Amino acid sequence: MTSRTTGGAPGPETGAAHRRPDPGQGRPADARGVTLPGARTGVAAVTGAEQAGRPPAPPPPPEAACGPPVPPPPAEPAPPATRRSLARATLVTASLSVAAALLGLVRDQSLAHLFGAGQDTDAFLVAWTVPEFAATLLIEDGLAFALIPAFSRALARRAQGAPGDPVRSLVAGTLPRLALAFTAVGTLLVLAAPQFVGALAPGLPDPALAVDCTRLTATCVLSFGLAGYCSAALRAHRRFLAPAAIYVVYNVGIGTAMYTLGGRWGVRSAAIGVAAGGCLMVAVQLPSLVRELRRRRIDRAEAKAAAEAQPLDVPLLATVLLFALCRQSQVLIERFLASGLPAGAISHLNYAQKVAQIPMSLSMMLCTVTFPVVARALADGDTERARGRVERDLALAACLVLLGTAAVVACAPQLIELLFQRGAFTAEDTAATADVMRVYGLGLLGQTLTGVLVRSYFSAGRASWYPVAAMAAGIVATSWLGAWTVGSWGVTGIAAANATGITLTAALLLAGMGHRSVPIRTGAVLHELSRPLRAAVPAAVAGGLVASLPSSPLAGLAAGGATVTVVFVLLAWALRAQGFAPALRAVRTLTRRLAHAVLR
């Protein structure tokens, strides 16, 4: 594997001969987002007469225009995304994802400061299950796995000169039906909120508060569904700015609601913020999507063809939603088991998981950008390009997440104390949350590999039940181990069950790659993954020892984090980890751009 994007020839040209537009055209620098190569802007073709300096031929007489209309020559297939364009898109996504992660930490800090880690926050976090599920099913994983390949195929058909506009046809055939389904599910959840809370957390001291919060958060089923649809369509068009900004405005909405309404409404203000933030997620993307859909002008005949419905593949949609539902059901299992523990157990699990998953979220940013690239490569029949891209993604994501895992395990007490220990969040809460976070960290590699690999299974736009079976096996393992260990280990046992279950799922997904998915070289991938893993273990041990020496949590975090980084970098370089070089380039590029933005 190399850090270079594997090239691939564009698909075969069809129809009449046509000239290539100038490479500088078709990628304007505007505020609509990052445009990768192949994002069309409707540049007119240049005739040979014009190139030679002669005036163009006069238009044909009216009688010559009789007869059937001649279709325009098809556009070229989109060329493969270059390494530079992918880096630019990744930088935009990374910058906004980091901003969203920081705002998410501020949101969790505000929740801990204003309401502590007691029965009120436990009640809200039961209702928080709704946006957590909706984000996974409708934005991050489930719906995106079906929509991005569908839009990629529609864009490929448009580039091949298909009649009408396949992209508009796809929107006309799917968006109204999906919006109706989102509305129905959200309404049902509002009506069934008492039963939902009773089933999810039967041991909750104040179920009425959880019911109120659940009814408020149920509105996000519609808003997240529409936001996920816009995000998938824009990413398939290789527009990444607006989709990357959705969690920034979402967290701003929640934080604003907590501080402005918290004194009167208590923890219900956070649920109001979820409802407002969901609407902001749609609003920030809608203008960009409307511009993309209006970009190509079509005549009346094409408009009639575009109005024909093209529904999504139902088996594909069923498999991706079931996979996402199974994956997110880990949260249901955790909160069900923790509801019978002393007050604050659900809050400790939540805070630990939020911080521990930051390395995973950062490592998955590249896959957010490259998933449409893999889907388009498969739509063009370029399996080799897709395989190379997936193998590089696995190496780079593993390197990044294992570095973050080592830091999380080494500096857990210092991180939690700095982030949360103030107001109603006590030192006992810090110790319990740090213990849970260290155990969660053991499953971060499995979480990341699962996220990368499942995109490969669904990038071809075909239904596959194997990922669902692999995730179901992980859920069974999580449930059984959690029920077995919660009595003796408490929340730590629940976290250990989570890490074990997701690692089992990742192993099964990796073993099943081949004819079911992008045919990666499994043996070579496993050998490559072992290199950053061998670097992360001693880095975590050394960082933990150094972090415990200073009495100040800030000094301990700085010393421990620096030790982890130095030890990991040296060992990864010595072991020749192939994901190490692109990871350093990504960090160096991000640092240089941020420094330029601050100092200019």
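Predicted, not measured: the structure shown is a model, and the values here were computed from it.

Caption draft 1: Representation of the overall build of the protein chain. Scanning the protein chain from terminus to terminus reveals 26 helices and zero strands. The proportion of buried residues among the 600 residues of the protein chain is 52%. A separation of at least 24 residues holds for 85% of the contacts in the protein chain among residues at least 6 apart in sequence. Put simply, the protein chain shows about 25700 Å² of open surface, and 66% of that area lies on carbon and sulfur atoms.

Caption draft 2: Summary view of the environment of Ser347. Within the fold, Ser347 resides in helix α15 (residues 345-356). Considering only alpha carbons, one finds Ser347 and Asp122, 225 residues apart in sequence, at a separation of 5.9 Å. Every residue in contact with Ser347, bar those within four places of it in the chain, is listed here: Ala117, Gly118, Thr121, Asp122 and Leu125.

Caption draft 3: Fine view of the nonpolar core. In this structure, Phe124, Phe151, Phe224 and Met437 are the most contacted members of the largest nonpolar core, which totals 107 residues. With residues up to four places along the chain from it excluded, the contact list for Phe151 reads Val167, Leu170, Val171, Tyr229, Ala233 and Ala236. By size, the runner-up hydrophobic cluster in this structure holds 40 residues, among which are Met360, Met513, Ala535 and Ala539.

Caption draft 4: The arrangement of helix α6 (residues 166-191) in detail. An ideal rise of 1.5 Å per residue puts 38 Å on 26 residues; α6 measures up with 38 Å between its terminal C-alpha atoms. Of all the bends in α6, the greatest reaches close to 25 degrees and is centred on Thr174; the proline Pro176 follows between one and four positions later. Where α6 is concerned, the buried positions are Pro166, Val167, Ser169, Leu170, Val171, Gly173, Thr174, Leu178, Phe182, Gly186 and Leu189.

Caption draft 5: Up close: the packing of aromatic side chains. Under the criterion given, the structure shown has nine aromatic pairs. Plain terms: the ring middles of Phe151 and Tyr229 are 5.8 Å apart, the flat faces sit at 80 degrees to each other, and that makes the pair edge-to-face. Pair noted here: Phe151 is in helix α5 (residues 142-159) and Tyr229 is in helix α9 (residues 220-236), with a separation of 78 residues, a long-range link. For Phe151, a relative accessible area of 1% corresponds to the buried category.

Caption draft 6: The arrangement of a nonpolar patch on the surface in detail. On the surface, Leu533, Val537, Val541 and Leu545 cluster together into a nonpolar patch covering about 370 Å² of accessible area. Examined against the element boundaries, Val541 turns out to sit in helix α24 (residues 522-547).

Caption draft 7: Layout of the side chain of Thr485. Following the sequence through the fold, Thr485 ends up in helix α22 (residues 466-489). A polar side-chain atom of Thr485 sits 2.8 Å from the main-chain carbonyl oxygen of Leu481. Non-local contacts of Thr485, meaning those with residues more than four positions away in its chain, are made with Gly490, Gly493 and Ile494.

Caption draft 8: Main features of the packing of α15 against helix α20 (residues 427-441). One way to put it is that α15 packs onto α20 with a least axis distance of 8 Å and a crossing angle of 50 degrees. Relative to α20, the element α15 lies oblique. Considering how the two elements wind past one another, α15 and α20 form a crossing that is right-handed. Judged by residue contacts, His348, Leu349, Tyr351, Ala352, Gln353, Val355 and Ala356 of α15 engage Asp429, Ala432, Thr433, Val436, Met437 and Tyr440 from α20. Residues belonging to the contact of α15 with α20 are distributed by class as follows: nine nonpolar, three polar and one charged.

Caption draft 9: Local environment of the side chain of Asn498. Structurally, Asn498 is set in helix α23 (residues 491-511). In this structure the side chain of Asn498 is engaged in a polar contact, spanning 2.4 Å, whose partner is the side chain of Glu334. Beyond its immediate stretch of four places on either side in the chain, Asn498 contacts Gln330, Glu334, Gln353, Tyr440, Gln447 and Thr478.

Caption draft 10: Spotlight on unusual backbone geometry. The backbone of Arg576 shows a phi angle near 60 degrees, a positive value even though the residue is not glycine. As for its placement among the helices and strands, Arg576 is situated in the loop between α25 (553-575) and α26 (580-599). Among the residues examined, Arg576 registers a relative accessible area of 66% and is labelled exposed.

Caption draft 11: Broad picture of the environment of Val569. The topology assignment puts Val569 in helix α25. Residues Val569 and Leu403, 166 residues apart in the sequence, show an inter-C-alpha distance of 8.7 Å.

Caption draft 12: Molecular detail of the pattern of salt bridges. Counted according to the given criterion, the structure contains 10 salt bridges. With its nearest N and O atoms 3.1 Å apart, the salt bridge here joins Arg107 to Asp108. Residue classification places Asp108 among the buried residues on the basis of a relative accessible area of 4%. Residues Lys354 and Glu132 are paired through a salt bridge, measuring 3.1 Å at the closest nitrogen-oxygen approach. One end of the pair, Lys354, is in helix α15; the other, Glu132, is in helix α4 (residues 129-140), with 222 residues separating them in the sequence. Note on accessibility: Lys354 and Glu132 belong to one class, buried. Salt bridges here are not isolated pairs; linked through shared partners, they connect Glu384, Arg387, Glu391 and Arg521.

Caption draft 13: Fine view of the confidence of the model for the protein chain. With 77% of its residues at a pLDDT of 70 or more, the protein chain shows a mean pLDDT of 78. Across residues 1-78, confidence stays below pLDDT 50; counting only partners more than four residues off in sequence or on other chains, it has 111 contacts. In the model, residues 299-310 has pLDDT below 50 throughout and makes 20 contacts with residues more than four positions away in sequence or in other chains.

Caption draft 14: Broad picture of the environment of Asn498. Since its relative accessible area comes to 3%, Asn498 is described here as buried. A sequence separation of 165 residues divides Asn498 from Ile333, and the C-alpha atoms of the two residues are 9.1 Å apart.

Conventions and cut-offs
Residues numbered from 1 in each chain as written. Predicted model: local features only at pLDDT ≥ 70, side-chain atom pairs only at ≥ 80, totals over all residues. Heavy atoms only, no water. Helix = DSSP H or I, 4+ residues; strand = E, 2+ residues; numbered from the N terminus. Buried < 20%, exposed > 50% of the residue type's maximum accessible area, 1.4 Å probe, protein only. Contact = heavy atoms within 4.5 Å. Areas by Shrake-Rupley, 256 points an atom, 1.4 Å probe, with all protein chains shown as cover. Core = buried A, V, L, I, M, F, W, Y, C linked by side-chain atoms within 4.5 Å. Expected span 1.5 Å × (residues − 1). Bend = angle between axes of the 7 residues up to and from the residue. Phe/Tyr/Trp six-rings, centres within 6.5 Å; stacked < 30°, edge-to-face > 60°. Patch = residues over 30% accessible without salt bridge, like charges linked within 9 Å, V, L, I, M, F, W, Y side chains within 5 Å. Salt bridge = Lys/Arg side-chain N within 4 Å of Asp/Glu carboxyl O. Polar contact = N/O pair within 3.5 Å; in protein donor to acceptor, adjacent residues only side chain to side chain. Axes fitted to C-alpha atoms, helices over the stretch in contact; angles between N-to-C directions. Parallel < 35°, antiparallel > 145°, perpendicular 65-115°, else oblique. Left-handed = near helix turned anticlockwise from the far one by under 90°. Nonpolar A, V, L, I, M, F, W, Y, C, P; charged D, E, K, R; others polar. pLDDT = per-residue confidence, 0-100.

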